[in-house]
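Listed here are the chains, written in short residue letters.
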Protein chains: 2
Amino acid sequence: MSQKQATIHDIAKKAGVSSSTVSRALQDNPLINSKTRERIQLIAEKLNYQPNVLAHNLRKGRSHMVGVLVPRIDHHFFSSVIGGIEKVLNEQGYNVLILQALDSVSKEVINVQSLLEHRIAGVLACPMALSQDYNHYKLLVKYDIPLIFFDNTHINMPVSMVLNDDYKGAALAAEHLINQGCRKIIFLAGPRNNYIYQRRFEGFRDTLKKRNIPFSDDQIFQNESDFLSGKDAANRILARMPLPDGVFSVTDHQAIQLIQALKIVGVKIPQQIAITGFSNAEITSIIDPPLTTIDQHSREMGAVAAKMLLEELEQRKNNTFIPKKIYLTPELIIRQSTLRRNE
Amino acid sequence: MSQKQATIHDIAKKAGVSSSTVSRALQDNPLINSKTRERIQLIAEKLNYQPNVLAHNLRKGRSHMVGVLVPRIDHHFFSSVIGGIEKVLNEQGYNVLILQALDSVSKEVINVQSLLEHRIAGVLACPMALSQDYNHYKLLVKYDIPLIFFDNTHINMPVSMVLNDDYKGAALAAEHLINQGCRKIIFLAGPRNNYIYQRRFEGFRDTLKKRNIPFSDDQIFQNESDFLSGKDAANRILARMPLPDGVFSVTDHQAIQLIQALKIVGVKIPQQIAITGFSNAEITSIIDPPLTTIDQHSREMGAVAAKMLLEELEQRKNNTFIPKKIYLTPELIIRQSTLRRNE
DNA sequence: GATGAATCTGCAATCGATTGCAGAATAAAA
DNA sequence: TTTTATTCTGCAATCGATTGCAGATTCATC
C-alpha cells in the first residue's frame, strides 16, 4: 500500500537500460534514439515519475527556489506584493519560500540563515524598519546571491531596490487637496521615527511651499510613537477655529476613523473638510464617502522586484550586473472624500 | 571576491580530519572526542558554515518542507491562515512552501506536482471549490504524504480536515438577530453553488424554524452565480412593505455595501434594520456603524491545521494514524449594527 | 568481410551529507 | 612488552540525478 516515489533507476530497470539513458531521455537529449526515448518517457509517465528536485539541484549546484522575507504575511500590502512575486517567478519555473520576521530582528537573521541552508537562487526582502544591523544581508552579497530590497529604503548597500516614491505620492495628494480649494491643511502623521512617513511628510510640506500655501508646525498632528486615533484627531481638529478645510493622513486607517468621527458631529465631508488617505486599502472604496487615497501598486511592486531578480540572475552570468533602484510612481485615486469641484 | 558556501569537506581539510568526523562532530555525536569536536565546531563557525539542506534531505530521504496550497495568498483569510501555519511549523523547524492556484484547476494540479518533486514532508491544502477531480490529492495519499484539508469541506477522502462550522456560525448570527427582536429577516445569499454559503443558509434557516420565526423563499436575495451588490439588495429591501427588520449577509462586503446604501436613503441601522455580516474583516470594526459579524479564527485555523500535520507525521511512524475532522466554532462579534437592546 | 564513420548507450565520478563497519590509536591489564 | 579492551577516526557506499568519456552497436562503403 505505502509506495515510494519512482526514481530514474526504477524506470531504468523497467526499460532495461541504464539510468544515464533515462536521464538523457527525459531531458530530450538528441543523443538518445527516439524510439528508446519515447519508450522511456512512456514508462516514466506510467510510474508517475516526479524528478527529485533535491537531487537535481544538488547536482546542478543551484536551486530554483527564491526566498521572500517579509515582516509578516497577513498584512494586505505584503500578501499582495507576494502575489505579484509568485506570479512572475512561477511562470519562470521558480518556487517561492516565504518567511516572516514577525517583528523580531533575530528571527530575520534566522530566516536568512535558513535561506542560505536551502541554497536559494535569490532573495527578495523587505527588511524591518528597526533592524539596524545588516550583516545577515551582507552574507548573501558575499556568496553572490542576488538580493533585492523592496518597499523600504534607508539601506546603504550595493543592492537593487524597488521603492515606493512616497515623496511623490504625498505630493500628488497635497496637490489635489490644493486644487480642491483647501488652504488650511492638517497633516495627520504616523510614528515619528518611521522613514516612510517622514518621506510622505516631506512630499506634503514641499508641495504646499511650492504652491505658497501657509503651513506651520501646529498643523502637524502626531503621537510620539504610534498613530493618533481618529477620535483624538477629530477633537483636535474641532478645537481649531476657523476649522481646517483639508486633512492629509499618512494612512487609510486614520483617515477612515477620522471621517467616522467627524461625521458623527455633523461635519460635512468633503464640503467642510476634504480628507485623503494613503495606500488604497480595499475598504476605502466601500466606505461612505469613498476615500481619496494613494495607490501603491503593491502587486506590481512584487512583479517588478521579481523581474529584477530574474534579470540579475541573467546578468550575473555575464558579469554585467550593476545594482539599480527603481521608484514606482504611486497613483492618486480620486474619490468623493475630497471631490469639491472638478479638477 | 565571489565565494562558495563552505561544505563539511572544506571544514575537514582545515581541521585535518575526514568529512565523516566533521559530520559527526557537528551532530554532537558522542563518538567524537570532545576536543576534536570543539575544534571542528569552531572552524565551522569561522567558515560561516551552513549545512546544505538539499544534500541532507536527499540522504535522509525526507525534507522539512511543508507545502501549503491556497486559492490565492492576497486574500486576508488565507494570508492569516498561513500566518498561523507558519508560526507553528517554524517553531518545529519546518519551512513552508506556499503555492496559489489562482482560480485555475490545472494550476492546482501543477502545484501538487511541484510539491511532490520537492519531496515535501506534508501538505496543507484549501482546495478550490470548483475543482471536482481530486486525483492529484489522491497521489499524495498514495505516497503516504500527510495531507490536511482546511476550510473547505465537501471532499470525501480519508484525510484529516480542519473546518469552519459555518452552520453553527450562521446559527449564532440568526439567534442574535432574533434576540434583538427581528422577526422578518432577509437572507442575503452568495453564489448558489458554493458549499460554504449553502451551509450558512442551512444554519440560518434551521435556527429561524426552531425559534418559530416565519421564513419563506422570497426572503432569500440571491444572484445566480455571483454576489448581489449592496445597492441592488437595498432596492429590493426598500420595495418590501412593511420593511424587513433584519438582514443576514453571508459576507461582510455585501453587508457593508448594504449599510452604506440604506444609510443614504435614511434607513436607521440598527433601529429599523439590523444587519449581520460574516468573516470579521478588518473593516467591520471601523465602519459606521461597526458591523456585527462572525469571526472565523482564521489564524487559529492555520495553527490547528499545522498541529494536526505534526501529529500525523508522528502517528504515521507508529502506524497509529487515523484521519479526523476538527470543527472550529466561530464566534459572534456583537457590534452596533445589530444592537437594539441588551441581550 | 573488413574498414571507417556515425549513432547510441553505459561506466563511473560528482554534488554534500550520512552512517555501518573495519581498522587505527590509545589506554588498561597481564 | 604483549595482549585485550576501549575509544576514536576513516573508508566507502548511499541518497537521486547529471555528464564526460569510452566503448558498443549499427550502418554504409569499399
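Within every chain, residues take consecutive numbers counted from 1 along the sequence as written. Going through the entries in the order they are written, you letter the chains from A and number the ligands from 1. Local features in this predicted model are restricted to residues of pLDDT 70 or higher, and side-chain atom pairs are both shown and tallied only at a pLDDT of 80 or more, whereas totals for entire chains, interfaces and linings draw on every residue. Water and hydrogen atoms were dropped before computing side-chain values, which therefore reflect all heavy atoms in the structure.

### What about the interface of chain B and chain A?
Note on contacts: a residue pair is in contact if any heavy atoms of the two residues lie within 4.5 Å. Contacts between chain B and chain A engage 58 residues on the former and 59 residues on the latter. Both faces combined, the contact of chain B with chain A buries some 5,400 Å², and carbon together with sulfur accounts for 54% of it. Any Lys or Arg side-chain nitrogen found within 4 Å of a carboxyl oxygen on Asp or Glu counts as a salt bridge. One can count 2 salt bridges joining chain B with chain A. Put simply, D74 of chain A and R299 of chain B hold a salt bridge, and the shortest N to O gap is 3.3 Å. When two parts are put together, the accessible area they lose, computed with a 1.4 Å probe and summed over both, is reported as buried area.

### Topic: the nonpolar core
Core analysis: the biggest nonpolar cluster contains 59 residues, and L124 and F150 of chain A together with L124 and F150 of chain B have the highest contact counts within it. Runs of E in the DSSP output that reach at least two residues are strands. Runs of H or I that reach at least four are helices, and both are numbered from the N terminus. Broken down by element, this core gets its largest block of residues, 9 residues, from helix α12 (residues 298-317) of chain A. Residue contacts for L124 of chain A: discarding those within four places in its chain leaves V66, G67, V68, L69, I85, L89, I148, F150, A305, A306 and L309 of chain A. If you look at the next biggest cluster of nonpolar residues, it comprises 46 residues, including I120, L140, F149 and I155 of chain A. Buried Ala, Val, Leu, Ile, Met, Phe, Trp, Tyr and Cys residues form a nonpolar core when they are joined through side-chain atoms within 4.5 Å. Here's how the labels work: a residue is buried when its accessible area is under 20% of the maximum for its type, exposed when over 50%, partly exposed in between, all with a 1.4 Å probe on protein chains only.

### What to know about the sheet that holds strand β7 (residues 220-221) of chain A
Residue and element names in this part refer to chain A. Strands were regarded as paired on the criterion that DSSP finds at least two bridges between them. Spatially, 4 strands are ordered β7-β6-β8-β9 in an open sheet, and the strand pairing comes out parallel. Single-partner strands in this sheet number two, and they are β7 and β9 (274-276). Strands in contact with helix α11 (residues 252-264) are β6 (185-188), β8 (246-249) and β9; relative to β9, the strand with the most contacts, it is inclined by about 155°. Axes, fitted as lines to C-alpha atoms, cover a helix only where it is in contact. Angles between the N-to-C directions of the axes lie from 0 to 180 degrees.

### Here's the deal with the domain arrangement of chain A
Each domain's extent was defined by an automatic or database domain assignment. In terms of domains, chain A is made up of domain 1 (8-51), domain 2 (62-164 + 299-328) and domain 3 (166-296). Centre-to-centre separation of domain 1 of chain A and domain 3 of chain A, based on C-alpha positions: 65 Å.

### Section: the pattern of salt bridges
All names here are of chain A. Evaluation of the coordinates by the stated rule reveals 28 salt bridges over all chains. K324 is paired through a salt bridge with E311; the nearest N and O atoms lie 3.1 Å apart. Note that K324 is positioned in the loop between α12 and β11 (325-328) and E311 in helix α12, a separation of 13 residues in sequence. Residue K324 is classed as partly exposed on the basis of its relative accessible area, which comes to 32%.

### Some thoughts on the pairing of strand β2 (residues 95-100) of chain B
Residues and elements named next belong to chain B. Taken across its 6 residues, β2 has 6 buried, putting it largely inside the fold. Burial of β2 is two-sided: the residues N95, L97 and L99 facing one way and the residues V96, I98 and Q100 facing the other way are all buried. Strand direction decides the pairing type here: strand β1 (residues 65-70) and β2, joined by 6 bridges, are parallel. Within β2, the residue paired with M65 across the bridge is N95.

### Remarks on the protein's contact with DNA strand C
Taken together, 25 residues sit near DNA strand C, with T21 of chain A together with I8, R24, Y49 and R59 of chain B positioned nearest. The share of sugar and phosphate among atoms of DNA strand C within 4 Å of the protein is 57%. What qualifies as a polar contact is a pair of N or O atoms within 3.5 Å, subject to a donor-acceptor requirement within protein and to the restriction that residues adjacent in sequence count only when both atoms come from side chains. Note that a phosphate oxygen of DNA strand C is positioned 3.1 Å from one of the backbone N or O atoms of N33 of chain A. Taking R59 of chain A, its side chain carries an N or O atom lying 2.8 Å from a base oxygen of DNA strand C. Counting residues per element, the ones that place at least two in the surface near DNA strand C are α2 (19-26) and α4 (53-60) of chain A together with α1 (8-15), α2 (19-26) and α4 (53-60) of chain B. We define proximity as follows: a residue is near a molecule or strand when any one of its heavy atoms falls within 4 Å of that partner.

### Observations concerning the protein's contact with DNA strand D
Every one of the 25 residues lining DNA strand D counts as a neighbour, but I8, R24, Y49 and R59 of chain A together with T21 of chain B are closest to it. What you see for DNA strand D is that sugar and phosphate hold 56% of its atoms within 4 Å of the protein. Between Y49 of chain A and DNA strand D, the recorded distance is 2.7 Å, taken from a side-chain N or O atom to a phosphate oxygen. Within the side chain of T36 of chain B, one N or O atom sits 2.9 Å away from a phosphate oxygen of DNA strand D.

### A look at the packing of aromatic side chains
Note on ring pairs: Phe, Tyr and Trp rings are taken, using the six-membered ring of Trp, and paired if centres are within 6.5 Å. Classes follow the plane angle, with under 30 degrees stacked, over 60 edge-to-face and the rest tilted. The final tally for this structure, using the stated rule, is 22 aromatic pairs over all chains. Seen in terms of ring centroids, F204 of chain A and F248 of chain A are 5.1 Å apart; in terms of plane orientation they differ by 50°. Their pairing is tilted. In this pair, F204 of chain A is assigned in helix α9 (residues 195-210) and F248 of chain A in strand β8, connecting sequence segments 44 residues apart. Each member of the pair, F204 of chain A together with F248 of chain A, is buried. Taken together, the ring pairs connect F187, F201, F204, F215, F248 and F278 of chain A into an aromatic cluster. For a ring to carry a charge above it, either NZ of a lysine or CZ of an arginine must fall within 6 Å of the ring centroid while also lying within 35 degrees of the normal to the ring plane. Directly above the ring of F278 of chain B sits R200 of chain B, whose terminal nitrogen or CZ lies 3.7 Å from the centroid. The ring of F221 of chain B carries R236 of chain B above its face, with NZ or CZ at 4.1 Å from the centroid.

### Concerning the packing of helix α6 (residues 105-117) of chain A against helix α7 (residues 135-142) of chain A
All names here are of chain A. For the pair α6 and α7, the least separation of the axes is 9 Å and the interaxial angle reads 20°. Put simply, α6 runs roughly parallel to α7. Judged by the twist between their axes, the crossing of α6 over α7 is left-handed. In contact with E108, V109, V112, Q113 and L116 of α6, α7 contributes H136, Y137, L139 and L140. Polar here means any residue other than Ala, Val, Leu, Ile, Met, Phe, Trp, Tyr, Cys and Pro, which are nonpolar, and Asp, Glu, Lys and Arg, which are charged; Gly is therefore polar. Taken together, the residues that form the contact of α6 with α7 break down as 6 nonpolar, 2 polar and 1 charged. The cut-offs work like this: below 35 degrees is roughly parallel, past 145 is roughly antiparallel, 65 to 115 is roughly perpendicular, and the gaps in between are oblique. Here is the rule for handedness: rotate from the far helix to the near one, and if that takes an anticlockwise turn smaller than a right angle the crossing is left-handed, while a clockwise turn gives right-handed.

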